[in-house]
Amino acid sequence: MPRAVATVDEVGWGAFALRGPTNSFDFSNTLAHRIALSEPRQSSRALRRESPARRSGSITSIELPGNPFPTTKLRRRTRPGSWTRRPDSSSKPARPRPWPRTRGLALTDLLPTLVGAAKPLARTPISRYHVGAVGLGPSGRIFLGVNLEFPGLPLHHSVHAEQFLATNLALHRERRLLAFAVSSTPCGHCRQFFQEIRDAPEIQIRVFPVDDPDQEPDPAFGPLSRLLPRRFGPDDLLDKEVPLLLEPHHNGLTFLTRSPNRDRKSSCNGFCDGPEADELAAAALEAANESHAPYSKCPSGVAIVDREGKVYKGSYAESAAYNPSLGPVQAALVAYVAGGGGGYDGIAGAVLVEKEGAVVRQEHTARLLVGLVSPKCDFRVVHCRSG
């Protein structure tokens, strides 16, 4: 019997397209850096990662994000002492290609087959309970979500797999979530958080437990409304024209000072010198401008940089029920984990941008969280204003 080998084409910002048999997939390393078929199971060395020179227009299969977030590096210009933030060479997203109908397989049919591969990517040192979620965006791309826990912090600082998935979608400019499969029935926290997405009741969900004999998988996809039939959400508090989670936001924020690096009133513990600090603050401001904070009107964003100069940003995302809201540090850590980051101690610097005197302030919580996950990380706060 011939071996079932899938070839992998790199198609942009760490995303991959697959060609070959389509029965099931297995992820190794971080979020699909390598993709192998699990039947028959093979070493990842059996896969062929094609160079840009071998890319062709004949790929007719699904795109899976291997490095799901665009990352940036702080690179020194030719002029001494000058830095610029430039996207990686693969930062332009590839146009998604449709799944061939001749295979008789819908994109949603793939989601449950990927849940088991996503689960091991969770970071759960407290509960040891891994949750994997796999979702489909309108572009035809598939994204992953896993749960994250942080020892030394109260449990409510944890990131749920569904929140990870929503953050993944948001930073990829996916405006809706069409369907998702998840390894465990979503808790009330996650059911409520998803209400921030447009047409949330119509999102298709299938619970597909993996290695859990006590749970039965759903026989088919069904609407999210069956898990939260009498929902409370944005419709109860916001006007219809207010953008919801995943939709484009621009909060019109600007720095209080001409150069955030010169804002001596901002909290700082060492990462305040040099133009590279301004570049990190600029990334945090971008995240704050993309923040979904319609209830408190207190948007915020965080940008973190690792020791290799890669920058990851996260935006604060509020929930109509308040408690399920996701903080900007957690959102940035989602980007770090999904982007292939290793241990949190690899984070070298972090900047929080928020309004001065905001009713909802992130500074104290952000400082606590960053200080615990990466004690040597230089953290500072830069204030902004509307308009």
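Rules of the game
- Residues numbered from 1 in each chain as written.
- Predicted model: local features only at pLDDT ≥ 70, side-chain atom pairs only at ≥ 80, totals over all residues.
- Heavy atoms only, no water.
- Helix = DSSP H or I, 4+ residues; strand = E, 2+ residues; numbered from the N terminus.
- Buried < 20%, exposed > 50% of the residue type's maximum accessible area, 1.4 Å probe, protein only.
- Contact = heavy atoms within 4.5 Å.
- Areas by Shrake-Rupley, 256 points an atom, 1.4 Å probe, with all protein chains shown as cover.
- Core = buried A, V, L, I, M, F, W, Y, C linked by side-chain atoms within 4.5 Å.
- Axes fitted to C-alpha atoms, helices over the stretch in contact; angles between N-to-C directions.
- Nonpolar A, V, L, I, M, F, W, Y, C, P; charged D, E, K, R; others polar.
- pLDDT = per-residue confidence, 0-100.
- Pairing = 2+ DSSP bridges.
- Phe/Tyr/Trp six-rings, centres within 6.5 Å; stacked < 30°, edge-to-face > 60°.
- Lys NZ or Arg CZ within 6 Å of the ring centre and 35° of its normal.
- Lys, Arg positive; Asp, Glu negative; His and termini not counted.
- Salt bridge = Lys/Arg side-chain N within 4 Å of Asp/Glu carboxyl O.
- Parallel < 35°, antiparallel > 145°, perpendicular 65-115°, else oblique.
- Expected span 1.5 Å × (residues − 1).

## Considering the overall build of the protein
Here comes step 1: Scanning the protein from terminus to terminus reveals six helices and 18 strands.
Here comes step 2: Residues counted as buried form 54% of the 387 residues belonging to the protein.
Here comes step 3: The long-range share in the protein, meaning contacts at least 24 apart out of those at least 6 apart in sequence, stands at 68%.
Here comes step 4: For the protein, the computed accessible surface area is about 17,400 Å², with 51% contributed by carbon and sulfur atoms.

## Here's the deal with the nonpolar core
Here comes step 1: Counting residues in each nonpolar core, the largest one holds 67 residues, and the members touching the most others are Leu148, Phe150, Phe194, Ile304 and Tyr344.
Here comes step 2: No other element matches helix H5 (residues 328-338), which puts nine residues into this core.
Here comes step 3: Ignoring sequence-local partners within four residues, the contact set of Ile304 consists of Leu280, Lys310, Val311, Tyr312, Ala332, Leu333, Tyr336, Ile347, Gly349 and Ala350.
Here comes step 4: The next biggest cluster of nonpolar side chains, apart from the first, holds 15 residues, and it includes Ala283, Ala303, Val382 and Cys384.

## Digging into the packing of H5 against helix H6 (residues 363-373)
Here comes step 1: At their nearest, the axes of H5 and H6 sit 9 Å apart, and the two run at 35° to each other. Contact residues: Val329, Gln330 and Leu333 in H5; Ala366, Leu369 and Val370 in H6.
Here comes step 2: Among the residues forming the contact of H5 with H6, the class breakdown is five nonpolar, one polar and no charged.

## A look at the confidence of the model for the protein
Any residue range with low pLDDT should be treated as having predicted coordinates unsuitable for detailed reading.
Here comes step 1: Considering every residue of the protein, the mean pLDDT works out to 77; 68% of them sit at 70 or more.
Here comes step 2: Low confidence marks residues 1-91, where pLDDT is under 50. Its contacts with residues over four positions away, or in another chain, come to 240 contacts.
Here comes step 3: Below pLDDT 50 for its whole length, residues 262-275 participates in 29 contacts with residues either more than four positions away or in separate chains.

## Brief notes about the pairing of strand S18 (residues 378-386)
One face of the sheet, then the other: side chains in a regular strand alternate in exactly this way.
Here comes step 1: Strand direction decides the pairing type here: strand S14 (residues 253-255) and S18, joined by three bridges, are antiparallel. Looking at the pairing, Thr254 lines up with Arg385 of S18.
Here comes step 2: Bridge count between strand S17 (residues 347-355) and S18: seven bridges; the pairing is parallel. Each residue of the ladder has a partner; that of Lys355, found in S18, is Cys384.

## So, the packing of aromatic side chains
Here comes step 1: For the structure shown, the criterion picks out four aromatic pairs.
Here comes step 2: Each ring, one from Tyr312 and one from Tyr336, has its centre 5.4 Å from the other, and the planes form 85°; the classification is edge-to-face. Taken as a pair, Tyr312 in strand S16 (residues 310-315) and Tyr336 in helix H5 lie far apart in primary sequence, 24 residues in all. Assigned by exposure class, Tyr312 and Tyr336 land together as buried.
Here comes step 3: Linked through ring pairs, Phe150, Tyr312, Tyr336 and Tyr344 together constitute an aromatic cluster.
Here comes step 4: Over the ring of Tyr344 we find Arg123, and its NZ or CZ is 5.0 Å from the ring centre.

## A short note on the side chain of Lys119
Here comes step 1: Structurally, the position occupied by Lys119 is in the loop between helix H1 (107-118) and strand S9 (132-136).
Here comes step 2: One buried charge, Lys119, has no salt-bridge partner; the nearest side chain with opposite charge is Asp211, at 5.5 Å.
Here comes step 3: Residues in contact with Lys119, not counting those within four places in the same chain, are His130, Val131, Gly132, Ser183 and Val210.

## Description of the packing of helix H2 (residues 161-171) against H5
Here comes step 1: Between H2 and H5, the shortest axis-to-axis distance is 10 Å and the interhelical angle comes to 80°. The angle between H2 and H5 places the two elements in the roughly perpendicular class. In contact with Phe164, Thr167 and Leu171 of H2, H5 contributes Ala331, Val334, Ala335, Val337 and Ala338.
Here comes step 2: For the contact of H2 with H5, the per-class residue count stands at seven nonpolar, one polar and no charged.

## What to know about the sheet that holds strand S11 (residues 179-182)
Here comes step 1: One open sheet holds the five strands; their spatial order is S10-S9-S11-S12-S13, and the pairing between them is mixed. Here the strands that pair on one side only, and so sit at the sheet edges, are strand S10 (142-146) and strand S13 (222-223).
Here comes step 2: Relative to S10, S9 runs antiparallel, the two sharing five bridges. What sits directly across from Val134, in S10, is Leu144.
Here comes step 3: Along the sheet, H1 contacts S9, S10, S11 and strand S12 (204-207); its crossing angle with S9, the most-contacted strand, is approximately 155°.
Here comes step 4: Against the sheet, H2 touches S9, S10 and S11, its axis set at about 145° to S10.

## Overview of H1
Here comes step 1: Here H1 spans 17 Å end to end across 12 residues, near enough to the 16 Å set by a 1.5 Å rise per residue.
Here comes step 2: All of the buried residues in H1 are Leu110, Leu111, Pro112, Leu114, Val115, Ala117 and Ala118.

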